[in-house]
Amino acid sequence: MLEESIQELESGSLARIASATSLEDLETVRVQVLGRKGALDQFFKQMGKLAPDERARAGKVLNGAKQTLEAALESAKRQFAEAALRIRLDGEWLDPSIPAPGPRRGHLHPITHIQRELEEVFRSLGFAVLDGPEVETEYRNFDALNIPADHPARDAQDTFWLANGDLLRTHTSPVQVRGMERLGPPLRMIAPGRVFRNESVDASHEHTFYQIEGMMIDRGVSVAHLLYFMRIMLAEVFRREVNVRLRPGFFPFVEPGFELDIQCLLCNGAGCPVCKQSGWVEQLGCGMVHPNVLRMSGIDPEEWSGFAFGLGLTRLVMMRYAIDDIRHLQGGDLRFLEQF
Ligand code: PHE
């Protein structure tokens, strides 16, 4: 009686194991049949009530069933594990003989690009490209440029001052001072680079931006020279002839000083929203180097004269590509930069 029941349980359980479709199915069978308080356990408990010779026979059958079922569960489990491993390996399969994709190719930032273009033009015109420190002395950023002690640019609101009295240069003009001091006249030089102003950032202002400044000092240099070189530079940037005009403008380091405008490239002077209907767009500051500035750098203004100019590279890039927000340029979003 008992032996038959055991054999029934055994064959029923083997069938369940054979038809299991997951590890969870197997676990259910294991708990119900082999687990503590499982079906086999119930049989073991009944053994105590049997006569000794019957108990010996039933015990054999019971132990045999237990071993058979344990072995069947084990091998079914192994099959599931092997199948799972095969699927995983198929998914992770890789071919080490395929060549690597290689580093992602980048390109120059549009500001760097325009800077290099301008360096190339000026170099071809005999100008040296000079570099200078971004941390400057108050003397070279202001005093040597004839900027008076009470000038608003010296205010902490406009300039980043360092604890030791130095500052982050607010323009690349101090490099012109270094050029005059170091090289002396005759001198043709440009100074491209990063400059800093204590501004709140908005669509047209950044605390950190790029400029290019330059100067030419020689005997008999006049405004005509200034205009000649400015026209060449702007034609290069905008890749076409541009009409320019000078308006009086004040910068302490030049006399006379000018604002140079270009005729609006969008409407050719007819008037449009970009030029605010005036036909002209302000482009750069320039003028004839102030005698005080020459003198402070050890150059005799009776013998030498020169022009100087300065403009924002960042702004040039914005104009060339019609970018309406300065923050795009240094925001670090590659989707923006990849357009260039
Ligand atoms: N240094 C001036 C600026 O940063 C630009 C400038 C340079 C103007 C030379 C006139 C002459 O705004």
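In what follows, the structure referred to is the one given above.
Here's a quick rundown of the structure.

The rules behind each value
- Residues numbered from 1 in each chain as written.
- Predicted model: local features only at pLDDT ≥ 70, side-chain atom pairs only at ≥ 80, totals over all residues.
- Heavy atoms only, no water.
- Helix = DSSP H or I, 4+ residues; strand = E, 2+ residues; numbered from the N terminus.
- Rg over C-alpha atoms; globule rule 2.2 N^0.38 Å.
- Buried < 20%, exposed > 50% of the residue type's maximum accessible area, 1.4 Å probe, protein only.
- Contact = heavy atoms within 4.5 Å.
- Areas by Shrake-Rupley, 256 points an atom, 1.4 Å probe, with all protein chains shown as cover.
- Near = heavy atom within 4 Å.
- Polar contact = N/O pair within 3.5 Å; in protein donor to acceptor, adjacent residues only side chain to side chain.
- Nonpolar A, V, L, I, M, F, W, Y, C, P; charged D, E, K, R; others polar.

Scanning the chain from terminus to terminus reveals 12 helices and nine strands. Relative to the globule expectation of 20 Å for 340 residues, the C-alpha radius of gyration of the chain, 42 Å, shows a markedly less compact shape. Projected onto the principal axes, the alpha-carbon positions of the chain cover approximately 135 × 50 × 40 Å. Out of the 340 residues in the chain, the part that is buried amounts to 40%. Within the chain, contacts between residues at least 6 apart in sequence are counted, and of these 66% link residues at least 24 apart. With the model as given, the accessible surface of the chain reaches about 19100 Å², and the carbon-plus-sulfur share is 53%.

Another point: the environment of Ala18. Looking at the secondary structure, you find Ala18 in helix 1 (residues 2–19). On the accessibility criterion, Ala18 (68% relative accessible area) is exposed. As a C-alpha pair, Ala18 and Ala72 span 54 residues in sequence and 8.5 Å in three-dimensional space.

Now for the environment of Pro133. Looking at where Pro133 falls in the secondary structure, it is placed in the loop between strand 1 (128–129) and strand 2 (135–136). Looking at Pro133, the relative accessible area reads 32%, which means it is partly exposed. Considering only alpha carbons, one finds Pro133 and Asp218, 85 residues apart in sequence, at a separation of 26 Å. Ignoring anything within four residues of it in the chain, the contact list for Pro133 reads Arg169 and Arg178.

So, about the site of the ligand. Near the ligand there are 13 residues, and of these His171, Ser173, Arg197, Gln211 and Glu213 occur at the shortest range. Contacts to the ligand include His171, whose side-chain N or O atom sits 3.0 Å from a nitrogen atom. One of the side-chain N or O atoms of Ser173 is found 3.0 Å from a nitrogen atom in the ligand. Looking at the shell around the ligand, the element that brings in the most residues is strand 9 (residues 305–312), giving three residues. Along the lines of polarity and charge, the residues of the shell around the ligand split into six nonpolar, five polar and two charged.

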